[in-house]
Amino acid sequence: MSEFALQTPTQDAGLDTAMKVVFQWDYDPQVEELRRLYVKATEAQWIAERDLDWDRPIDHAKFAATPLGVSLPIEQTSYWQSLSEETTWELTRRTAGFRLSNFLHGEQGALMVAAQLVNAVPHTDAKFYAATQTMDEARHVEVFARYIGKLDEVRPIAPAVKRVLDATLQTDDWLKKLVGMQIVVEGLALYSFREMRNLTEEPLLKDLLTYVARDESRHHAYGVQYVERCVPLLSDAERTELEDFALEAARTLIDSRNQQTLVSSILPIWAEAGIDPAELLACVAQEREALVRNMRGARRLGPVQGFVIPTLRRCGLLSERVAAHFHDMLRQNLGSTVVGADLEEFLERIPDLPRDTAAWVLGQA
Ligand SMILES: [Fe+2]
Ligand SMILES: [Fe+2]
C-alpha cells in the first residue's frame, strides 16, 4: 500500500464536467416500477468479503475454458493448438487479465456515472435507485480488482472505453448519461459478463460474475424502465440527439478502427506470454473462414445487434434513420452475411429483448 497523500501518483488529471445538480422536493413515490426496483436492489445487496471464497487458488485447468473475448475463436487455430500447456495458460491468464482490467475500469466509470445520476435525475425514485447502483458499482470495482490481483496485474484502460466513459461523465444531459451508461456500456458489459460467466469453469470467477451479472441486469432494467417512460415526452430534435449519442457510444466501442487499437494493446501482452503475436495473427488470417463457420448463431450476432439495439428499440430510440446508421456501421465491420444486406433484413434479424434479463444472463432463459 502506498503512503497516504493528498495527491496520489496514480490518479489522472481530472475531467471537467457539465453536470447540473437537481433537488426534488416531492418525496412521494411517483415512478412505481423504479421504486420497486430500488427495494429489490436493497434486498439483493451482498458482501464481497463474506459471500465469495477468496482463499481458493485459481484452478488453472478449469480456467482454460474462460473465453478470450476477441472477435474470433483464436483458441481453435492450429497455432494455438500447437502450444504447450504452460504457454496456453500464460496466454489465457494474461488475455483474461487484460479483459478483466477493462471491466474493472468500466466499473469505476459506472460508479461515477451512477453517483452523478443521484445528483442529476429529477425524480425521487430514480435518485434512490441510482444510490443503490452506486453501492453495487463500488462492490464491482472491489471484486474485479481483487480477482485480477490473484490472476495477473491491472492493465491500462483501452482508449475507446475511456472515451465513452468520458463522454458519459461530461454531458450535462442526464438522459444521455442513462443512455450511454445503462443502455450502451452496461448492455455490452452484460453481454460479455454473461458469456464469460456461462463458459468459464473457474469456480471463483464464475461465482463472482454470477453476483455481478445479477446486479447488472437490474441496472439495465433501470435504464430501460426509466428511459422508455421519458422518450415519448421528448421533442423530435431531443430524441434524435439521444439516438445519436447511443450510436456514437456504440461506434466508439465496436468500430473496427477502435478494435484495431484494442488489438494493438493486446499484442505486447501476448509477446509477454512467450509467443510470436505475428505468427498467431497470420494463422488466424489463414484459417479465418473455418473459424467464422464454427461460430454459433448468437455469437455471430454480437452484443450490439444481439442486445444493445433491441434495448434501444424497446426504449423508443431506434428510428429508421438511426437504424440505417447502425446497419451501415455493422455491415462495414461484420459484413452483410451477419447483419443483413439491407435495412429491412437487418431489422428483421434483431431479436426481442429477453423477457427476464436476470434469468437470461444466468443462462436460465
Ligand atoms: Fe457494474
Ligand atoms: Fe452496472
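Peer 1: In this structure, what is going on with the side chain of Ser 101? I would like to understand it.
Peer 2: Mapped onto the elements of the fold, Ser 101 is located in helix α5 (residues 85-120). Of note is the side chain of Ser 101, whose polar atom sits 2.7 Å from the backbone oxygen of Gly 97. Not counting residues within four places of it along the chain, the set of residues in contact with Ser 101 comprises Ile 148, Glu 153, Val 154 and Arg 155.

Peer 1: Would you explain the packing of α5 against helix α8 (residues 174-199) in this entry?
Peer 2: Where α5 contacts α8, the two axes come as close as 10 Å, and the packing angle between them is 150°. Relative to α8, the element α5 is oriented roughly antiparallel. The handedness of the crossing between α5 and α8 comes out as left-handed. Side by side, α5 and α8 meet where Arg 99, Leu 100, Phe 103, Glu 107, Gly 109, Ala 110, Val 113, Gln 116, Leu 117 and Ala 120 of the first sit next to Trp 174, Lys 177, Leu 178, Met 181, Gln 182, Ser 192, Phe 193, Glu 195 and Met 196 of the second.

Peer 1: What is the right way to look at the pattern of salt bridges in this model?
Peer 2: Once their charged atoms are close, side chains differing in charge can pair, the charge on each being opposite to the other. Inspection of every chain in the model, using the stated rule, returns 28 salt bridges. In this structure, the salt-bridge partner of Lys 162 is Asp 12, at a minimum N-O distance of 3.9 Å. In this pair, Lys 162 sits in helix α7 (residues 159-170) while Asp 12 sits in the segment before α1 (32-43), placing the two residues 150 residues apart along the sequence. Among the ionic pairs, Arg 313 bridges to Asp 352, the shortest N-O distance being 3.6 Å. Highlighted residues: Arg 313 in helix α13 (residues 297-314) and Asp 352 in the loop between α16 (343-349) and α17 (357-361), separated in sequence by 39 residues. With a relative accessible area of 68%, Asp 352 lands in the exposed category.

Peer 1: Explain α8 here, please?
Peer 2: Because an α-helix completes one turn every 3.6 residues, residues spaced three or four positions apart along the sequence face the same direction. Taking 1.5 Å as the rise per residue, α8 with 26 residues should run 38 Å; its terminal C-alpha atoms sit 35 Å apart, in good agreement. Bending of α8 peaks at approximately 40° at the position of Glu 186. Within α8, 22 of the 26 residues are buried, leaving the element largely enclosed by the surrounding structure. With a side-chain oxygen lying 2.8 Å from the backbone nitrogen of Leu 175, the N-terminal cap of α8 falls on Asp 173.

Peer 1: Which parts of the structure should I look at to understand the coordination of the iron ion (ligand 2)?
Peer 2: By definition of the ideal shapes, a tetrahedral metal site with four donors has angles of 109.5 degrees and an octahedral site with six donors has angles of 90 or 180 degrees. The coordination sphere of the iron ion (ligand 2) contains the protein donors Glu 137 (OE), Glu 186 (OE), Glu 216 (OE) and His 219 (ND1), at a distance range of 1.8 to 2.2 Å. For the iron ion (ligand 2), the four donor atoms in the first shell make angles of 91 to 163° at the metal, a pattern classed as irregular. The distance between the iron ion (ligand 2) and the iron ion (ligand 1) comes to 3.1 Å, with Glu 137 serving as a donor to both metals. Of this pair, Glu 137 sits in helix α6 (residues 124-151) while Glu 216 is found in helix α9 (residues 203-230), placing the two residues 79 residues apart along the sequence. Of the two residues, Glu 137 and Glu 216, both sit in the buried class.

Peer 1: How do you make sense of the coordination of the iron ion (ligand 1) when you look at a structure like this?
Peer 2: The coordination sphere of the iron ion (ligand 1) contains the protein donors Glu 107 (OE), Glu 137 (OE), His 140 (ND1) and Glu 216 (OE), at a distance range of 1.8 to 2.3 Å. Note that the iron ion (ligand 1) binds four donor atoms; their angles at the metal cover 85 to 137°, and the shape is irregular. Each donor residue of the iron ion (ligand 1) belongs to the same chain, and together they define the spacing E-x29-E-x2-H-x75-E.

Peer 1: Would you explain the nonpolar core in this entry?
Peer 2: Across soluble globular proteins, nonpolar side chains have a tendency to be buried as a group. Judged by nonpolar contacts, the single largest core of 56 residues is most densely connected at Tyr 222, Tyr 226, Val 227 and Phe 326. Sorting elements by how many residues they give to this core places α8 first, with nine residues.

Cut-offs applied
Residues numbered from 1 in each chain as written. Chains lettered and ligands numbered in written order. Predicted model: local features only at pLDDT ≥ 70, side-chain atom pairs only at ≥ 80, totals over all residues. Heavy atoms only, no water. Helix = DSSP H or I, 4+ residues; strand = E, 2+ residues; numbered from the N terminus. Polar contact = N/O pair within 3.5 Å; in protein donor to acceptor, adjacent residues only side chain to side chain. Contact = heavy atoms within 4.5 Å. Axes fitted to C-alpha atoms, helices over the stretch in contact; angles between N-to-C directions. Parallel < 35°, antiparallel > 145°, perpendicular 65-115°, else oblique. Left-handed = near helix turned anticlockwise from the far one by under 90°. Salt bridge = Lys/Arg side-chain N within 4 Å of Asp/Glu carboxyl O. Buried < 20%, exposed > 50% of the residue type's maximum accessible area, 1.4 Å probe, protein only. Expected span 1.5 Å × (residues − 1). Bend = angle between axes of the 7 residues up to and from the residue. Donors = N, O, S within 2.8 Å, 3.2 Å for Na, K, Ca; no water. Tetrahedral: all angles 85-135°; square planar, octahedral: opposite > 155°, others 65-115°. Core = buried A, V, L, I, M, F, W, Y, C linked by side-chain atoms within 4.5 Å.

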